[in-house]
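Geometric and topological summary
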Amino acid sequence: MGTAASVALGATAGRAEAQAPLAQTLAAGTPSLSKVSFTVNGAARELELDARTTLLDALREHLHLTGSKKGCDQGQCGACTVIVGGRRVTSCLTLAVMHQGHDITTIEGLGTPENLHPMQAAFVKHDGYQCGYCTPGQICSAVAMLNEVKAGIPSHVTADLNADIELTNAELRERMSGNICRCGAYSNIAEAITEVAGRQA
Amino acid sequence: MKFDAPATTNPIDQLKVVGQPVDRIDGPLKTTGTARYAYERHDAVPNAAYGYVVGSAIAKGRIKSIDVAAAKAALGVLAIVTAENAGKLEKGRLNTAKLLGGPEIQHYHQAIAVVVAETFEQARDAGQMLRVDYDREQGSFDLRGGMDTAKPAGITAGPPDTAVGNFGSAFAAAPVQLDETYTTPDESHAMMEPHASTAAWDGDKLTIWTSNQMIAWGVGEVAKTLNMPKENVRLISPFVGGGFGAKLFVRSDAILAALGARAAGRPVKVTLQRALVINNTTHRPATIQRIRIGTTRDGKITAVGHESWSGDLTGGKPDGAVSQTRMLYAGADRMTATRLAALDLPESNAMRAPGEATGMMALEIAMDEMAERLGMDPIEFRILNDTQVVPDVASKPPSQDPQAINNREAQSPSKDKPFSQRQLVQCFRTGAERFGWDKRIAQPGQVRDGRWLVGIGVASAFRNNQLTKSAARVRLETDGTVTVETDMTDIGTGSYTIIGQTAAEMMGVPLQKVAVRLGDSSFPISSGSGGQWGGNNSTAGVYAACVKLREMVAQKLGFNSAEAAFSDGEVRAGNRAVPLADAARDGSLSAEDAIEYGDLDKKFQQSTFGAHFVEVVVDAATAEIRVRRMLAVCAAGRILNPKTARSQVIGAMTMGVGAALMEELVVDKRVGFFVNHDLASYEVPVHADIPHQDMIFLDETDPMSSPMKAKGVAELGICGVAAAVANAVYNATGVRVRDYPVTLDKLIAKLPAVG
């Protein structure tokens with residue numbers, strides 16, 4: 001199966017030979033469809049998908065939940081971050097069929113334009129976004145990250161593994177570093193998250 | 001509306017809405033994932049097939065053959081388009097290389113095919129079944145190797161070379177001299193949303209939902225490339241997931257979506273795979289810059305010379321790294337030179353503040369070095385050499401921006417062209433006080449904080465303000481709300497909000513009563529977004545349309561338009577007040593106009609200024625560099641929305657940290673491509689790299705710029721900041737790095753002994 005990463009090398013001469021039998025197999029038969037059911041934003045969803053479909057593409061292309069973004073499709077940018085079972089997941093790096101029975105929350109499940117989640121409202125207030133493309137991932141990541149801190153999950157910069165974790169600026173920045181914002185709204189995003197964390201505490 | 005005399009008092013000066021730090025009006029959409037980007041238009045195009053782009057595996061040569069049989073037979077494949085079956089395609093006026101290559105290949109990852117299939121997975125799979133045979137030719141991929149044969153090349157609106165007085169003899173005679181060479185690497189925009197388009201044909205009419213900064217340019221380019229009339233092309237781009245110059249131009253996603261849709265007989269959407277973006281699209285070219293400065297013993301610049309080399313494909317353009325050196329500091333004898341080497345790397349083009357971004361990276365280290373040689377404070381050295389007139393009288397004003405392809409005629413310069421506003425000195429004074437500059441120890445390597453070596457650095461910021469025609473349509477609806485339509489784009493800049501603020505101020509209604517519709521080529525043609533020209537020009541266009549609408553309203557309600565005041569949802573004059581909505585009781589009122597400029601920018605140089613202050617710490621043992629504090633002080637005309645403008649500046653400062661410390665496209669000089677073509681190996685700043693950022697706007701209005709009295713600000717923040725970081729690293733360590741990025745391997749061998 002091809003991945004975005006392997007395509008990075010372009011159409012290499014001779015490569016297609018190895019692919020040909022696979023192509024014949026696919027051409028001869030029907031797509032390898034798999035059924036999967038999970039809960040998205042509180043609603044049960046059942047899909048029959050090409051087994052190669054990522055969770056991200058299942059959300060965006062099949063359920064039309066396009067709030068989760070495809071920035072790199074190779075797990076490097078964080079724009080596709082959704083919350084699965086309370087934990088942050090880069091949804092481009094995981095196949096939809098691996099989530100049978102899982103509870104998935106996307107940006108659309110956090111709030112709506114008329115009824116913003118506190119984290120969404122804080123991003124608006126602190127201008128923690130510009131182009132908006134990394135924003136849903138940042139917000140999902142931030143919401144789940146605060147719960148990780150509360151649960152005592154340490155990070156690279158946690159000094160004392162036995163103490164309660166304090167959400168210092170360094171902790172926040174370290175934990176959010178999987179979500180790239182090329183517009184450079186980091187300073188504002190940190191303020192938005194800090195405000196929400198303070199309110200929660 | 002012609003703007004040919006300095007602005008006087010107008011309704012914008014009320015600053016009830018304009019100038020207020022209001023939240024973005026598109027915020028609720030963007031933060032809830034309900035803003036729809038180009039690849040997400042299930043609402044408008046419910047049955048789009050998926051196109052997958054295949055890039056060339058060689059940098060230069062020819063395709064001998066493409067065997068598409070296996071791909072064509074693959075499940076779900078609807079069409080495969082290559083140069084062989086695409087029909088005759090023209091090269092866009094703004095493209096250097098063709099968007100669909102073959103048989104000739106001009107650069108690595110040039111698109112050679114799009115495979116269209118029912119699903120993304122099928123298209124991706126089939127895309128890898130193409131068997132391509134190439135005839136590979138040797139290319140030129142090394143800028144340094146191309147320096148000797150590099151040729152003079154103009155920087156869009158300016159000449160390649162300028163000379164005032166006699167630089168050679170003045171430099172030779174200068175008692176204090178600096179002659180150093182600096183390099184900046186190739187850089188990638190790396191915006192979060194890759195180039196993406198959804199294309200649909202209706203007969204011979206084509207609609208492309210795309211991600212593009214310049215809608216009207218794009219319409220012309222699509223029409224030219226596909227050999228069709230402009231009237232049959234519509235572009236729609238209401239949300240753009242970042243651009244930074246990468247989306248100024250139509251790229252292969254749009255053209256291949258259109259070709260794929262034609263071949264498949266149904267709408268097709270294409271997004272460039274992240275791994276293709278870097279070598280398929282444009283990038284900021286690497287530069288080699290030689291700077292010579294000569295001064296008197298007390299620090300007056302007598303001679304300044306700046307030469308720059310960069311590379312591009314044949315037919316391309318150089319980086320304008322010498323631009324600011326023509327304007328920023330005084331000095332009687334001066335020269336600049338621009339040389340372009342022919343390289344077979346992917347296409348070079350504009351990236352955020354093209355010219356000044358790279359030029360200031362070099363010049364502002366040189367100024368720091370020179371101050372040290374003089375034993376002067378680097379701020380005092382800059383202030384001593386401030387100038388209120390453009391010193392390079394031989395240069396052609398006003399624009400040397402590669403993005404500026406407006407039809408602006410170069411004209412012969414007048415002597416002593418003053419700046420419309422120039423508060424560079426005030427920026428430094430304000431920043432020095434706020435930052436605690438007086439605590440700086442000039443001798444490097446003196447300040448320790450535990451394991452960290454601490455240093456602070458400073459640099460000027462400079463970027464020109466550009467004027468270009470911009471139109472809008474404003475409508476008073478029957479319910480008293482106001483709708484603005486213009487093809488202006490919001491690429492994260494805040495266009496929606498400042499345009500809404502402008503209309504609200506002009507029509508005297510709250511911002512909530514204004515609807516802003518952008519990014520559609522069926523709307524009046526705006527300035528578009530680029531070169532920090534969008535904010536001032538697009539709002540000035542809305543101002544012009546609002547002036548017209550006010551006249552229509554006044555006439556309808558029986559007011560003298562010169563006396564009528566619009567506020568609180570009413571039109572007033574004398575004792576009479578009428579609800580604004582009454583003017584539209586018989587039907588909505590619509591006005592369209594454009595701002596057009598006279599020659600104020602020829603008489604006055606319009607530029608924006610700032611000062612960057614940075615504190616870094618460097619690990620005394622490992623040379624790891626961390627940015628600890630950042631402050632920018634900017635003077636950029638009226639700030640239309642301090643919240644969004646600040647975000648523009650701190651975002652640019654962030655990108656500048658990337659340029660200073662990590663960003664570098666690594667050239668494989670054997671194969672001829674950028675090796676690190678993804679977001680893991682092309683490093684950009686992440687949360688952990690960026691501290692809280694401070695920024696201050698000086699109070700300024702510029703009546704020469706437009707009725708808004710605003711100027712560009714979005715690119716000022718990146719100009720100079722990388723040098724401020726590099727200068728801070730020097731102050732911390734005593735190691736002067738002249739080859740960006742400043743990475744720990746360039747420091748570690750020379751660090752002070754660990755004590």
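What counts as what
Throughout this description, residue numbers start from 1 for each chain and increase along the sequence as written. To label them, take the chains in the order written and letter them from A, then take the ligands in the order written and number them from 1. Local features in this predicted model are restricted to residues whose pLDDT is 70 or higher, and side-chain atom pairs enter the listing and the counts only when it is 80 or higher, whereas totals over whole chains, interfaces and linings include all residues. Side-chain metrics in this entry use all non-hydrogen atoms of the structure; hydrogen atoms and water are not considered. Comment: elements are numbered from the N terminus, with helices defined as DSSP H or I runs of at least four residues and strands as E runs of at least two. Any residue under 20% of the maximum accessible area for its type is buried, any over 50% is exposed, and the rest in between are partly exposed; the area is computed with a 1.4 Å probe on protein chains only. Contacts are assigned to residue pairs that have any heavy atoms within 4.5 Å of one another. Residue exposure ignores everything except the shown protein chains as possible cover, and the areas themselves are Shrake-Rupley values with a 1.4 Å probe. Put simply, the grid is 1 Å and covers the protein atoms alone, a cavity is a trapped set of points that fit a 1.4 Å probe, a pocket is an open set with protein on both sides within 12 Å along at least five of seven lines, and lining residues have an atom within 4 Å of a point. Grid points are joined across faces, edges and corners, and a volume is the space filled by probe spheres set on the points. Gly is placed with the polar residues, together with every amino acid not listed as nonpolar (Ala, Val, Leu, Ile, Met, Phe, Trp, Tyr, Cys and Pro) or charged (Asp, Glu, Lys and Arg). Side-chain rings of Phe, Tyr and Trp, where Trp is taken by its six-membered ring, are said to pair if the distance between their centres is within 6.5 Å; with planes under 30 degrees apart they count as stacked, over 60 as edge-to-face, and otherwise as tilted. Two strands form a pair only when DSSP identifies at least two bridges running between them. Looking at any residue, its pLDDT shows the predictor's confidence there, from 0 to 100. Note on method: axes are straight lines fitted to C-alpha atoms, helices fitted across the in-contact stretch only, with angles between N-to-C directions ranging 0 to 180 degrees. By buried area we mean how much accessible surface two parts lose on assembly, using a 1.4 Å probe and totalling the loss over both. Here a salt bridge means any side-chain nitrogen of Lys or Arg lying within 4 Å of a carboxyl oxygen belonging to Asp or Glu. Pairs of N or O atoms are called polar contacts if they sit within 3.5 Å, as long as, within protein, a hydrogen donor faces a hydrogen acceptor (for residues adjacent in sequence, only side-chain-to-side-chain pairs).

1. Considerations on the overall build of chain A
A tally of helices and strands in chain A yields eight helices and five strands. Looking at chain A as a whole, 55% of its 201 residues are labelled buried. For chain A, contacts bridging at least 24 residues in sequence account for 56% of all contacts bridging at least 6. With an accessible surface of roughly 8000 Å², chain A has 53% of that area assigned to carbon and sulfur atoms.

2. Re empty space enclosed by the protein
Applying the stated criterion across every chain yields a total of 12 cavities of 30 Å³ or more. Considering only enclosed or pocket space, the largest cavity measures out at about 460 Å³ in volume. Along the walls of the largest cavity sit 36 residues, with Thr493, Gln532, Gly535, Gln648 and Ala714 of chain B positioned nearest its centre. Its residues placed into classes, the lining of the largest cavity shows 13 nonpolar, 19 polar and four charged. Along the walls of the second largest cavity sit 14 residues, with Lys70 and Asp73 of chain A together with Thr271, Leu272 and Gln273 of chain B positioned nearest its centre. Among the secondary structure elements, those contributing two or more residues to the lining of the second largest cavity are β2 (49–55) and α3 (120–127) of chain B. When the residues that make up the lining of the second largest cavity are grouped by side-chain class, the tally is six nonpolar, four polar and four charged.

3. Notes on the packing of aromatic side chains
Residues and elements named next belong to chain B. Summed over the entire model, instances satisfying the criterion amount to 15 aromatic pairs over all chains. Both rings, one in phenylalanine 419 and one in phenylalanine 609, keep their centres 5.5 Å apart while their planes meet at 75 degrees; by these two values the pair is edge-to-face. Separated by 190 residues along the polypeptide, phenylalanine 419 in the loop between α10 (378–384) and α11 (424–435) and phenylalanine 609 in strand β27 (residues 607–619) bring together distant segments of the chain. When its relative accessible area of 1% is taken as the criterion, phenylalanine 609 is described as buried.

4. Description of the pairing of strand β1 (residues 33–40) of chain A
Residues and elements named next belong to chain A. In this sheet, strand β2 (residues 43–50) lies alongside β1 in antiparallel orientation, the contact comprising eight bridges. Within β2, the position partnered with phenylalanine 38 by the bridge is arginine 45. Relative to strand β5 (residues 103–105), β1 is paired through two bridges, and the arrangement is parallel. The partner of threonine 39 across the bridge, within β5, is aspartate 103.

5. Side note on the confidence of the model for chain A
Taken over all residues, the pLDDT of chain A has a mean of 88, while the share at 70 or more is 84%. Considering only residues more than four positions removed or in separate chains, one finds that residues 1–20 of chain A, a stretch of pLDDT under 50, has 42 contacts.

6. Description of the sheet that holds strand β25 (residues 576–579) of chain B
All names here are of chain B. An order of β23-β24-β25 is seen for the three strands of this open sheet, with the pairing classed as antiparallel. Strands with a single pairing partner mark the edges of an open sheet, and in this sheet they are β23 (565–567) and β25. Neighbour to neighbour, the strand axes of the sheet diverge by 25 degrees on average, direction disregarded. Here four bridges tie strand β24 (residues 570–573) to β25, and the two strands are oriented antiparallel to one another. Within β25, the residue paired with valine 571 across the bridge is valine 578. Seen against the sheet, helix α13 (residues 534–557) touches β23, β24 and β25 and runs at an angle of roughly 110 degrees to β25.

7. Re the environment of lysine 60 of chain B
All names here are of chain B. Mapped onto the secondary structure, lysine 60 falls in the loop between β2 and β3 (61–67). Note on lysine 60: relative accessible area 25%, which makes it partly exposed. With 45 residues separating them along the chain, lysine 60 and isoleucine 105 place their C-alpha atoms 5.2 Å apart. Those residues in contact with lysine 60, other than ones at most four positions away along the chain, are Ile105, Asp135, Arg136, Glu137, Gln138, Gly139 and Asp344.

8. Points about the interface of chain A and chain B
In this complex, chain A contributes 75 residues to the contact, which on the side of chain B involves 82 residues. Summing the contributions of chain A and of chain B, the shared interface buries around 6400 Å²; its carbon and sulfur component is 56%. Connecting chain A to chain B are six salt bridges. Where glutamate 61 of chain A meets lysine 269 of chain B, a salt bridge forms, and the shortest distance between an N and an O atom there is 2.7 Å. For the pair chain A and chain B, the number of links is 32 residue pairs in polar contact (both at pLDDT 80 or more).

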